[in-house]
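# Working through the structure, step by step
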Amino acid sequence: MTSSPKYAVTGASGELGRLIVPALAARVGAANVVAIVRDPARATGLFPAGVAVRSGDYEKPETLPATLAGVERLLLISSNALGSRVAQHRNVIEAAKAAGVAHIAYTSVLNADRSALELAEEHRQTEALLAASGLNVSLLRNGWYSENYTAGIPAALANGTLYGAAGEGRIASAPRADYAEAAAVALAGDESALTVHELAGDSAYTLGEFAAELSSQTGRDIPYVNLPQADYQGALIGAGLPVPLAELLADSDAGAANGALFDDGHALSKLIGRATVPIAQSIATALKTK
Ligand SMILES: NC(=O)c1ccc[n+]([C@@H]2O[C@H](COP(=O)([O-])OP(=O)(O)OC[C@H]3O[C@@H](n4cnc5c(N)ncnc54)[C@H](OP(=O)(O)O)[C@@H]3O)[C@@H](O)[C@H]2O)c1
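Treat the numbers as computed from the prediction; the structure is a model and nothing was measured.

Moving on: the overall build of the chain. Assigned secondary structure in the chain consists of 12 helices and 9 strands. With the C-alpha coordinates aligned to their principal axes, the bounding extent of the chain is approximately 65 × 35 × 35 Å. Per-residue burial over the chain gives 52% buried out of 290 residues. A sequence separation of at least 24 residues applies to 75% of the contacts in the chain between residues at least 6 apart. As presented, the chain carries roughly 12,500 Å² of accessible surface, and 53% of it is formed by carbon and sulfur atoms. In the chain, 21 positive and 29 negative side-chain charges are present, and the distance between their average locations comes to 6 Å.

Shown next as structure tokens:
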């Protein structure tokens, strides 16, 4: 007799989701995991053998009941559709409730309840929907991904300068893989009621220190130049980023200057049972793969 998989991850074909699915399968068994994706054709070869793939779209509530059938513990990975996220997440939360899901974990942002970051507002509203849902909830309040900054290394090397707007703010980032492991631990465990995890890297750095580490590893002098938020936003747009993303990144740097991306609670390393990967190692990895 086969039973329905009990654990499901939405946004499974995204950068974070594709790391969470194998981490979860390693803990609960691949046959107990459903990877929920918008486009199953894009999921070929992405997940370990035995993981079920189902399609579901946050924008199409009619796709969600079949997708969630039999699921007991669900990870809702926050959407990347800035501005539409609350409505999208509401669709998933309502469908989960109707399908009898017992527990939802949600990827929020560090200190969502008080964060000054613009992007925190949609997370706050989603957290409120979750609290009102009556479901058991784990809030995975993720700090910054190290990849947000290592992705800028090729541009910094090309320009001979690292630009940003984070001033002397300290950033306690960790790579996606560390947050993915934490999500798998929380979903596979027995957390019930409301559990809040403020997740961030064990060590923090300023962008000046990031540039110094990059300089040391490349043997070049790559200084950090701090720009006013509006100028940094303009530079990102000039480099080809879409305006909403440039706005969000410049706002996040300005928030970082005021401590919005700093944390020293070490909850992430406690949850995953090991130290988080330091930024120097993430820079080295990025330089090897660039
Ligand atoms: N902490 C941080 O530093 C940080 C940085 C960036 C983003 N984030 C947040 O964390 C989330 C996950 O990060 P990531 O790196 O995995 O981002 P990502 O690669 O952009 O993944 C976003 C996921 O959301 C899915 N999605 C978007 N609209 C959807 C819809 N209508 N229905 C179903 N799925 C939908 C995408 O599906 P497809 O695969 O089909 O496109 C994708 O799998 C992001 O969406 C964002 O909310 C956090």
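Around the ligand, the surrounding shell holds 22 residues, and the nearest of these are Ser13, Leu16, Asp57, Tyr58 and Ser78. Here tyrosine 58 contributes a backbone N or O atom positioned 2.8 Å from a nitrogen atom of the ligand. Interatomic distance of 2.6 Å between a backbone N/O atom of serine 78 and an oxygen atom of the ligand. Burial of the ligand by the protein chains amounts to 85% of its free accessible area of 900 Å². Broken down by class, the residue content of the shell around the ligand amounts to 5 nonpolar, 10 polar and 7 charged.

As recorded in UniProt, the feature "domain: NAD(P)-binding" (unreviewed entry) lies at residues 11-187. With 39% helix and 17% strand, residues 11-187 has end C-alpha atoms that lie 15 Å from one another.

Right, let's get into the side chain of asparagine 111. Among the secondary structure elements, asparagine 111 is positioned in the loop between β5 (103-109) and α4 (120-133). Those residues in contact with asparagine 111 that lie beyond four places of it in its chain are Arg141, Glu198 and Phe262.

Counted according to the given criterion, the structure contains 9 salt bridges. Among the salt bridges present, the one from arginine 274 reaches aspartate 178, with a minimum N-O distance of 2.8 Å. Placement of arginine 274 in the loop between α11 (267-272) and α12 (279-289) and of aspartate 178 in helix α7 (residues 176-188) is noted, with a sequence separation of 96 residues between them. Relative accessible area serves as the criterion here: at 36%, arginine 274 is assigned to the partly exposed category. The buried category is assigned to aspartate 178, whose relative accessible area is 1%. Here the salt bridges share partners, and the residues they tie into one network are Asp113, Glu127, Arg141 and Glu198.

Attention now moves to α4. A rise of 1.5 Å per residue sets the reference length of α4, with its 14 residues, at 20 Å; its end C-alpha atoms lie 20 Å apart and thus fit the reference within 8%. Those residues of α4 not exposed but buried are Ala120, Glu122, His123, Thr126, Glu127, Leu130 and Ser133. Down the axis of α4, the buried set is contained in an arc of 155°. They therefore lie on one face. Counted as exposed and oriented over 90 degrees from the buried face of α4: Ala131 and Ala132. Of the surrounding elements, those touching the buried residues of α4 are α3 (85-99), β5 and β6 (136-142). Among the residues trailing α4, glycine 134 stands out with phi positive, at a value near 80°.

Turning our eyes to something else, we now look at the nonpolar core. One recurring pattern in soluble globular proteins: nonpolar side chains tend to sit buried together. If you look at the biggest cluster of nonpolar residues, it comprises 55 residues, and the most contacted ones within it are Val9, Leu74, Leu75 and Ile104. Here valine 9 is in contact with Ile20, Val21, Leu24, Val34, Ala35, Ile36, Leu75, Ile77 and Leu187, once residues within four sequence places are set aside. Counting residues in hydrophobic clusters, the runner-up holds 28 residues, among them Leu117, Leu119, Trp144 and Leu162.

So, on to the sheet that holds strand β8 (residues 194-199). Here 7 strands make up an open sheet; going across it, the order is β3-β2-β1-β4-β5-β6-β8 and the pairing parallel. For this open sheet the edge positions go to β3 (52-55) and β8, each flanked by a neighbour on one side alone. With direction set aside, neighbouring strand axes in the sheet form an average angle of 20°. Direction of pairing for strand β1 (residues 7-9) relative to strand β2 (residues 33-37): parallel, over a ladder of 3 bridges. Along β2, the bridge assignment pairs tyrosine 7 with valine 33.

Right, let's get into α3. Over its 15 residues, α3 extends 21 Å from the first C-alpha to the last, a length consistent with the 21 Å expected when each residue adds 1.5 Å. For α3, the set of buried residues is Arg85, Val86, Gln88, His89, Asn91, Val92, Ile93, Ala95 and Ala96. Buried residues along α3 sit in contact with α2 (64-68), β4 (73-76), β5 and α4. After α3 finishes, the residue glycine 100 shows a positive phi value of roughly 85°.

Conventions we followed
- Every chain is numbered on its own, with residues counted from 1 as its sequence reads.
- At least 70 in pLDDT is required for a residue's local features to be given in this predicted model, at least 80 for side-chain atom pairs to be given and counted, and no such filter applies to totals for whole chains, interfaces and linings, which use all residues.
- Side-chain metrics in this entry use all non-hydrogen atoms of the structure; hydrogen atoms and water are not considered.
- The secondary structure listing takes helices from DSSP runs of H or I that are at least 4 residues long and strands from runs of E that are at least 2 residues long, numbered from the N terminus.
- Between buried and exposed lies partly exposed: a residue is buried under 20% and exposed over 50% of the maximum accessible area for its type, with that area taken using a 1.4 Å probe on protein chains only.
- Whether two residues touch is decided by their heavy atoms; if any such pair falls within 4.5 Å, the residues are in contact.
- With residues, only the protein chains shown are counted as cover, and all accessible areas are computed by Shrake-Rupley using a 1.4 Å probe.
- Within this scheme the basic residues Lys and Arg register as positive and the acidic residues Asp and Glu register as negative, but His and the chain ends are omitted.
- For the purpose of locating charges, the reference atoms are NZ of Lys, CZ of Arg, CG of Asp and CD of Glu.
- We call a residue near a molecule or strand whenever a single non-hydrogen atom of that residue lies within 4 Å of it.
- In the analysis that follows, any N or O atom pair within 3.5 Å is treated as a polar contact, provided that within protein one partner can donate a hydrogen and the other can accept it, and provided that, for residues neighboring in sequence, both atoms belong to side chains.
- Residues were grouped as follows: Ala, Val, Leu, Ile, Met, Phe, Trp, Tyr, Cys and Pro as nonpolar; Asp, Glu, Lys and Arg as charged; and all remaining residues, including Gly, as polar.
- UniProt positions are given in the numbering used here, feature names are shortened, and annotations may be inferred rather than shown by experiment.
- For this analysis, a salt bridge means a side-chain nitrogen from Lys or Arg found within 4 Å of a carboxyl oxygen belonging to Asp or Glu.
- A helix is expected to span 1.5 Å for every residue after the first.
- It is the directions from the helix axis to the C-beta atoms whose arc is reported.
- The set of buried Ala, Val, Leu, Ile, Met, Phe, Trp, Tyr and Cys residues whose side-chain atoms join them within 4.5 Å is what this entry labels a nonpolar core.
- Two strands pair under a simple rule: DSSP has to find at least two bridges between them.
- The axes are straight lines fitted to the C-alpha atoms, using for helices just the contacting stretch, and the angles between their N-to-C directions are given from 0 to 180°.

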